[in-house]
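Single-letter residue listing:
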Amino acid sequence: MLLARDTMGLSLDALRSHRLRTALTVLGLTMGVATLITVVTIVQGANVYVETKIANLGADVFQMARTPFAVTDYEIILKALRYKRIHMEDYDFVRSACPDCKVMGASGSVTTRANHLTEELTDVNMNGQTASMAEIEARTIEMGRYFTEIEDQRSVRVAVIGATLRDKFFPEQDPVGQKFRLGSEEFTVIGLYERGGSVLGQDSDNFVVVPLNTFLQLKGSRYSLTINVKVPNDPKGFERAQDQARLALRARRHIRPTQDEDFFIGTKDSYIQLWQQISGAFFAVFILVSSISALVGGIVIMNVMLVSVTERTKEIGIRRAMGATGRDILKQFLTESVLQCMVGGFCGITLGFLCAEALNRFTSFPASVQAGVAVLGMVLSSAIGLFFGIYPASRAARLDPVEALRAE
């Protein structure tokens, strides 16, 4: 029986003697593994993005609104648009009736335009918030400050802006203290939010936050508010707060026990669950389709190994005549198959990570490069080498030595 190092040496010699064929085989598997690795990194990046950006709520925050936060049924949305709007009076009532709601805030949103001198931005998301929202929101102020309760009560024209407004209006200067216009009203910048970036073509920094009373003074009561509640470091209190807030708003709206609610409660988990529902089947199909590339690479290796067995029939016969067993022949051909796959897997992992990094740098697609993916790639490539190498190797091992020696 041959030692492992002898089997490895014979396999490497065989691969080196057919370098072009080996290179083409490795290339096929490299493309398959690279495709799969790229897809997996994009899937992981999308999941991370949803958790940190779309679900931009802490685990201790819930929201109440007129329309659903996470739903895929358009009929539910159309029905919700006929519900009563949530006004400041509703917010005040819930706040007084919810003792476990530690921190409460209200917010509203509308799309408008902003301009400064000759520059203009359209589709700016104008958010009106109570001063208490500074304790609830996860976004960080990079420069300046948030507005105060007094500024909110007096409907002062102050604003905390996103990075897009800063880049457009004040690219070479400190934005704090500068003035710009939202619609027809002039506002003073008092703070700048940390850049959030964009993904999938959506700019998350094209927004401005103003005091809620200023927002209501400009936009009136045509817009429904969102009630935001934070209950830090108390999971049981978080559940009680949701029950208390729900009962308070039902009582405020005179909803009977047998009637459905005309408002919705959303948490971070509800966003994540919706994303999993939408993306689960899609990503499964996506990964399955990309796996076909790796499968094709495995089929190529099996075909090449079968050709190699046919070409080396006489060599196999000589080795059997010199005392090599069928197990020795089997191990040699399996080793050749696995070596090609491991080299292809390593190259595919490297190429896949480079593609993922390029996506992160030059496009809006998210990609999360993690070490576990590299392990997955190597395991996958090794498994392909073993699976698709078994038949050619066993065929070589079963060759009759006498017949093999007669081969031309």
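Residues numbered from 1 in each chain as written. Predicted model: local features only at pLDDT ≥ 70, side-chain atom pairs only at ≥ 80, totals over all residues. Heavy atoms only, no water.

(A) Examining the pattern of salt bridges more closely. Counted according to the given criterion, the structure contains 14 salt bridges. We note a salt bridge from aspartate 90 to arginine 252, for which the minimum N-O separation is 2.9 Å. Taken together, the residues span a long stretch of sequence, with aspartate 90 in helix α4 (residues 88-97) and arginine 252 in helix α8 (residues 235-252) at a distance of 162 residues. Among the residues examined, aspartate 90 registers a relative accessible area of 7% and is labelled buried. Between arginine 95 and aspartate 92 there is a salt bridge, and its shortest N-O distance comes to 3.3 Å. (Salt bridge = Lys/Arg side-chain N within 4 Å of Asp/Glu carboxyl O. Helix = DSSP H or I, 4+ residues; strand = E, 2+ residues; numbered from the N terminus. Buried < 20%, exposed > 50% of the residue type's maximum accessible area, 1.4 Å probe, protein only.)

(B) Molecular detail of the packing of aromatic side chains. Evaluation of the coordinates by the stated rule reveals eight aromatic pairs. Joined through ring pairs, the aromatic side chains of Phe169, Phe170, Phe180 and Phe187 make up one cluster. Across the ring face of tyrosine 193, the terminal group of arginine 139 is positioned such that the distance to the ring centre comes to 5.2 Å. (Phe/Tyr/Trp six-rings, centres within 6.5 Å; stacked < 30°, edge-to-face > 60°. Lys NZ or Arg CZ within 6 Å of the ring centre and 35° of its normal.)

(C) Examining α8 more closely. Between its terminal C-alpha atoms α8 stretches 26 Å, which fits the 26 Å expected from 18 residues at 1.5 Å a residue. Residues Gly237, Phe238, Ala241, Gln242, Gln244, Ala245, Ala248, Leu249 and Arg250 constitute the buried set of α8. The elements touched by buried residues of α8 are β1 (61-65), α4 and β12 (264-267). Looking one or two places after α8, you find histidine 254, whose phi comes out positive at around 60°. (Expected span 1.5 Å × (residues − 1). Contact = heavy atoms within 4.5 Å.)

(D) Layout of the packing of helix α10 (residues 313-321) against helix α11 (residues 326-362). Interaxial distance between α10 and α11 falls to 10 Å at its minimum, and their mutual angle equals 135°. Accordingly, the angle class assigned to the pair α10 and α11 is oblique. For α10 against α11, the interelement crossing comes out right-handed. Contact residues: α10 offers Glu315, Ile316, Arg319 and Arg320, while α11 offers Gly326, Asp328, Ile329, Gln332 and Phe333. For the contact of α10 with α11, the class distribution of residues is three nonpolar, two polar and four charged. (Axes fitted to C-alpha atoms, helices over the stretch in contact; angles between N-to-C directions. Parallel < 35°, antiparallel > 145°, perpendicular 65-115°, else oblique. Left-handed = near helix turned anticlockwise from the far one by under 90°. Nonpolar A, V, L, I, M, F, W, Y, C, P; charged D, E, K, R; others polar.)

(E) Up close: the pairing of strand β11 (residues 226-230). For β11, a buried count of four out of five residues is recorded, marking the element as mostly surrounded by other parts of the structure. Both β1 and β11 contribute to a ladder of four bridges, which runs antiparallel. For phenylalanine 62, the partnering residue across the bridge sits in β11 and is valine 229. (Pairing = 2+ DSSP bridges.)

(F) Here's a closer look at the side chain of arginine 250. Looking at the element boundaries, arginine 250 is found in helix α8. Discounting chain neighbours no more than four positions away, the residues touching arginine 250 are Ile255, Arg256, Pro257, Gln259, Asp260, Glu261 and Phe263.

(G) Representation of helix α12 (residues 371-397) in the model. Here α12 is 27 residues long and its end C-alpha atoms lie 38 Å apart, about the 39 Å a rise of 1.5 Å per residue gives. At isoleucine 390, α12 shows its maximal bend, which comes to roughly 45°, and the proline proline 392 appears one to four places after that position. Among the residues of α12, Val373, Gly377, Ser381, Ile384, Gly385, Phe388, Gly389, Pro392, Ala393, Ser394, Ala396 and Ala397 are the ones counted as buried. (Bend = angle between axes of the 7 residues up to and from the residue.)

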